[in-house]
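One-letter residues, chain by chain:
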Amino acid sequence: MTRQHLNPSGAETGRQEPEGSGGLNMVDILTLPDEQRQVVQWMMRKKSDVSLAEVAERIDSNQSDAIAIMDELVDQGFVQEMQIAGEARYRIRLAAKRGTQQQTIQQALAPGNPLSVILNPSGDYALVAGSNFDLCVTVSNKGNQSALIDIFIDEVSYPRNWCINPHERLALGANSTSEVIFQFQVPLEAKPSTYNYLLVVDAPLHYPEDTPIRHNSRLQVLPPVEAAIRVSDPTFSLSPPTSSTAPALLQPGALLQVAVSIHNRSDRVDRFRLTCPELNEKWYTVRYPEGLNSPGLVTTATALDLNPGEKGDILLFLNPPMDAVAGTYFPTVRLYSANNPDLVLLDVVYLQILPTYLLTVEFRSLVGKVRRLAGLYEVRLNNSGNISREVIVRAKSLDEEDVCSYTVLPTMLRITPFSLATAEIKVKPLKWWRRPIYGGGRLINFGVEIEDTQQLPLINDAPQGTLYWEPRPWWQFLLVLLTVLGTVAAIAFLVWLLFFKPKPSPKVIEFGSQDNFYQAAEGDFIRLSWQIRNPQQLNSLTITGQSPDGTAAIEPISYDFSRGVPDQLKSFCAIRQILICKNVRTDARKPGDYVFELKIFPKNNKDIASNILKTNVIKIEPIAPPKIVEFSSSLPVYQERLAVPPNNTPNDKILLNWRIINRDQIKELQLIGRAPEGEVTSVLKRYNFSEGIAVGLKKYCSIEVGLLCKNVPTDARKPGDYIFELAVIPNNGQEEPSDTKKTDAIKIQAQPSKIVEFKINNQEALAKYLVPINKNKPGGIFRISWKVEGGKDIKVQLLPSPGNVPTSGSLPYTISQKPGSETLTLQVTNAAGEQISRSVTIETFEPPPPPAPPPLIPAPGAKGSTAPTLVPAPPIPPPLPIAPPPAAGAPAGDTGAGSPPPPAPGAAASPTAPSAAAPGAAPGAAASPAPGSPSLSDPDSLSPSELPPRSD
């Protein structure tokens, strides 16, 4: 049995053993105190680990006494203490020789060996007869490969007979460990002695150079512990006496009476029981002397009671059953004493069960009537005796002439007692021509011989069998008749074939081309191959090339074979039994589809074709025209440029990229640009490739992978949307383009326009100005200046007049002497039609006349005439300063929206206008107007015409 070594450190922890302790031997057991000796004997018989509770129960005491006893045994090295799942358990330790132990450990830990072996126990082991012994073998695979390992007790070792399973096999992976346990059961009849055994560890498939590993050990069988009998111990004897050399002979089912005489030598009344632990209860009966417990009452005793010093007899009846196997038996007779339950009193009865020989043979016919197959028979051998039989079964013919073969499977049979064995016999006729033709069949007699290899008696005679070989059926005569007729017909056919058969006509076996697709670019012709049978009768052949619709494509070609292979075909054809012609060139070389027809004309009829065969469609692919694979712009959006870079390379043009395959077939490229509406915006350009790359494209194109052109400039510079179309004209004479491709819409964005400055009198123009006028003086003049940036096609206008102006300049502007409002607009339009503008509103008004002096009003409460109180006249308003520039973030192109409307003509000015305008003017907010120019009012103040009427 094997168990996996899951915890190398061990799940069991034990007390450290004293150094130099060699275990328990026979002398130690005899010298132990009675209480310890009883515990040791009990542990040896139990053959397993024990707990403190079990020891305390055994000695009939508490656990403290049990701990004291077990500690003494542990200190002496006779018992091993272990901790299993937190519980203390004890195991008996028998003596082992240290020399062998040291040798085993050194061999297991030898360096360089991929397999390490550790034995437990590692040396010699001592035990008493009738006990069990476990040999634990731990194997570690330290190699770098998995291995299949055989572990076994060598066959020459005598203890191998005591091992339950002497051969084990392990499959160990690299760097893994496993354990094998060999269980030995030492029989009670084993003689006290030392037995050598050899343990072999072998891995011939995986470590042939490092194995086998051999471990020599010894097993010492000690005499029974009870060999030393004390004077007070009871004794018993058996009658009749038996031994291994003189056993009691007994037939199966017979009865043997054995008298057991018992002597109670103790000083106490004792009660004895007798048993045979190794025999089935059906084999024996124990009868104790009957007694009278009360007058007239006889009871069956279950034991023998003896007073001190008395003797008594117990009858043991041995009655083996009828199915008892012959052989020598040595059952153990054990006597139990009630006073000394631990006392082991044993003796052996030697019995020999006599053999009975009863082997019956039964012969059965399974298939006894055959035609072509073998007959099948069965021999059944029933061993009703009590001994194993080995017999040989043979079959032989009983007729004078042997015409069959006999096969017996199996030839030798081993039949255990009271079992059945079967042998199969096949009888097959060999000489098929001896089968009866008609009438009754043939009977074939054969016999079966049975021979015992041990020459034991057989009670049955040899069985006999018969095989019936059926006659041939009637239809086989018809087959014979048909065979005769067929032979005559074959002879007639051979005569016709040799003398009267007409000569065969030639026939086309194969006709076609090795390749059904040709390329016109390679300039090759279509080549044909054919095979013709019976070429000796061939006069001529004709090859015609047609298109699939049946029209002729090439001129027919004829070859004359009347005098053998013609000269023009000798390099392509060979004549053997078949005319074979390969790769014969035709005149077909133009692109298109062809179907060739082969007609052969025989010598016996030169005008009529004897065989016609056509090929499949054979295609000559035209030269692939050039094809545009890629065509696009370098950028999807371009920006209009103001100037040309210093290297005079225009960078405001649209740049195109394209890649064309089959460049050798290009004759001309045509490039044209259109607007999305279809209007031509870039004139048609032609690039001639008849002499290589066109002149205008040499520095932009390469021929690495087809024709690859990058950043080819165009003449499209004006802002707008463009769609370019590239067309390829092939050089095969075709005037139409073989391929065209268009780009996506490409956009040239106009340069954004910008009003850099717009000034009045050298100051930034405001949205609105209020100008007072005086009809008695000429109108004032303003100086308007501007500067605009933008593209080349920019358009600048000063509205309403003078209209178109340059991008920068200045001009005077005369203010009208009439009240009203005028708006000046600077408008900029780029090439894309986008507009920006900036406006100024100039509003003129007449200042109101100075107010009349107020009348004199007497003071309230005055009496009589007094001096009037004067109300001062309002001051004359000063000239309005120029309004401050607009706040940061105000749009430059403000056209004056939100400014107050111009004053109505003739409206009276409010006398409070000067005072209302005064708070809106900040000191130093604007410079004073130039000399001689009109004063400009604050654009955020109300004009006099906008003031509400004032009542006096």
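Residues numbered from 1 in each chain as written. Predicted model: local features only at pLDDT ≥ 70, side-chain atom pairs only at ≥ 80, totals over all residues. Heavy atoms only, no water.

Trainee: How should I be thinking about the overall build of the chain in this particular structure?
Mentor: Each helix and strand counted, the chain has 7 helices and 64 strands in total. Taken across its 952 residues, the chain has 38% of its residues classed as buried. Partitioning the contacts of the chain with sequence separation of at least 6, the portion at a separation of at least 24 is 69%. When the accessible surface of the chain is summed, it comes to about 54300 Å², and 53% of that surface belongs to carbon and sulfur atoms. (Helix = DSSP H or I, 4+ residues; strand = E, 2+ residues; numbered from the N terminus. Buried < 20%, exposed > 50% of the residue type's maximum accessible area, 1.4 Å probe, protein only. Contact = heavy atoms within 4.5 Å. Areas by Shrake-Rupley, 256 points an atom, 1.4 Å probe, with all protein chains shown as cover.)

Trainee: Looking at this model, I keep getting lost on the side chain of Asp-739. Mind explaining?
Mentor: The residue Asp-739 is located in strand β54 (residues 739–742) in this model. At 2.8 Å, the side chain of Asp-739 and the backbone nitrogen of Ile-628 are in polar contact. Contacts of Asp-739, omitting those with residues within four sequence positions, involve Pro-626, Lys-627, Ile-628, Leu-726, Ala-727 and Val-728. (Polar contact = N/O pair within 3.5 Å; in protein donor to acceptor, adjacent residues only side chain to side chain.)

Trainee: How should the packing of helix α2 (residues 34–46) against helix α3 (residues 52–59) be read in this particular structure?
Mentor: A pair of packed helices is characterised by two quantities: the angle between their axes and the separation of those axes. Direction vectors running N to C along α2 and α3 enclose 120 degrees, while the axes themselves pass 11 Å from each other. If you check the angle between α2 and α3, you find them oblique. Here α2 runs over α3; the crossing is right-handed. For the pair formed by α2 and α3, the contact residues are Glu-35, Val-39, Trp-42, Arg-45 and Lys-46 on the first element and Glu-54, Val-55, Arg-58 and Ile-59 on the second. Of the residues that constitute the contact of α2 with α3, the class distribution is 4 nonpolar, no polar and 5 charged. (Axes fitted to C-alpha atoms, helices over the stretch in contact; angles between N-to-C directions. Parallel < 35°, antiparallel > 145°, perpendicular 65-115°, else oblique. Left-handed = near helix turned anticlockwise from the far one by under 90°. Nonpolar A, V, L, I, M, F, W, Y, C, P; charged D, E, K, R; others polar.)

Trainee: Whenever I open this one, the pattern of salt bridges confuses me. Can you help?
Mentor: One side chain can pair with another of opposite charge once the charged atoms of both are near each other. Evaluation of the coordinates by the stated rule reveals 23 salt bridges. With a shortest N-O distance of 2.9 Å, Asp-305 and Arg-271 are connected by a salt bridge. Taken together, the residues Asp-305 in strand β21 (residues 304–306) and Arg-271 in strand β17 (residues 270–275) connect sequence positions 34 residues apart. The exposure class of Asp-305 is partly exposed, given its relative accessible area of 47%. (Salt bridge = Lys/Arg side-chain N within 4 Å of Asp/Glu carboxyl O.)

Trainee: I'm lost on the packing of aromatic side chains in this one. Help?
Mentor: Centre distance and the angle of the planes are the two values used to describe a pair of aromatic rings. Applying the stated rule across the entire model yields 17 aromatic pairs. Centroid distance Trp-283 to Tyr-329: 5.2 Å. Interplanar angle 50 degrees. Geometry classified as tilted. You can see Trp-283 sitting in the loop between β17 and β18 (284–287) and its partner Tyr-329 sitting in strand β23 (residues 327–329), a full 46 residues away along the chain. An aromatic cluster of at least three residues, connected via ring pairs, comprises Tyr-125, Phe-133, Phe-184 and Tyr-197. One Lys or Arg, Arg-273, reaches over the ring of Tyr-336 and ends 4.9 Å from the middle of that ring. (Phe/Tyr/Trp six-rings, centres within 6.5 Å; stacked < 30°, edge-to-face > 60°. Lys NZ or Arg CZ within 6 Å of the ring centre and 35° of its normal.)

Trainee: Explain the sheet that holds strand β7 (residues 125–128) here, please?
Mentor: Adjacent strands of a sheet pair through backbone hydrogen bonds, lying either parallel or antiparallel. In spatial order, the strands read β7-β13-β12-β9-β10; together these 5 strands make up an open sheet with mixed pairing. Both edges of this open sheet fall to β7 and β10 (167–172), since each of them pairs with a single strand only. The sheet shows a mean angle of 25 degrees between the axes of neighbouring strands, direction not considered. As paired strands, β7 and strand β13 (residues 213–222) are joined by 4 bridges and run parallel to one another. Residue pairing across strands places Leu-127 opposite Val-221, the latter belonging to β13. (Pairing = 2+ DSSP bridges.)

Trainee: How do you make sense of α2 when you look at a structure like this?
Mentor: The periodicity of an α-helix, 3.6 residues per turn, causes residues three or four positions apart to be oriented the same way. Its 13 residues give α2 an end-to-end C-alpha distance of 18 Å, which sits within 8% of 18 Å, the value for a rise of 1.5 Å per residue. Along α2, the residues classified as buried are Gln-36, Arg-37, Val-39, Val-40, Gln-41, Trp-42, Met-43 and Met-44. (Expected span 1.5 Å × (residues − 1).)

Trainee: How do you make sense of α3 when you look at a structure like this?
Mentor: Restricting attention to buried positions, one finds in α3 the residues Leu-52, Val-55, Ala-56 and Ile-59. With its buried residues spanning 100 degrees around the axis, α3 presents them on a single face. On its buried face, α3 is in contact with α2, β3 (50–51), α4 (63–75) and β5 (87–92). Looking at the residues trailing α3, positive phi occurs at Asp-60, about 60 degrees. (Arc of directions from axis to C-beta.)

Trainee: Hey, could you run me through the pairing of strand β31 (residues 404–409) in this one?
Mentor: For a regular strand, side-chain orientation follows a simple rule: the groups alternate between the two sheet faces. Here β31 shows one buried face, formed by Cys-404, Tyr-406 and Val-408, and one open face, formed by Ser-405, Thr-407 and Leu-409. Pairing analysis gives 6 bridges linking β31 to strand β33 (residues 419–429), with the strands arranged antiparallel. From the neighbouring strand, Val-408 faces β33, where its bridge partner is Ile-425.

Trainee: For this particular structure, what's the right way to read a nonpolar patch on the surface?
Mentor: On the surface, a cluster of nonpolar side chains totalling about 1100 Å² of accessible area is made up of Ile-437, Tyr-438, Trp-474, Trp-475, Phe-477, Leu-478, Leu-479, Leu-481, Leu-482 and Leu-485. Position of Trp-474 relative to the elements: it lies in the loop between β35 (464–469) and α6 (475–500). (Patch = residues over 30% accessible without salt bridge, like charges linked within 9 Å, V, L, I, M, F, W, Y side chains within 5 Å.)

Trainee: Looking at this structure, how should I read the UniProt feature "transmembrane region" (unreviewed entry) in the chain?
Mentor: Look at the UniProt record and you will see "transmembrane region" (unreviewed entry) annotated at residues 474–499. The distance separating the terminal C-alpha atoms of residues 474–499 is 39 Å; by composition the span is 96% helix and 0% strand. (UniProt positions renumbered as here; feature names shortened; annotations may be inferred.)

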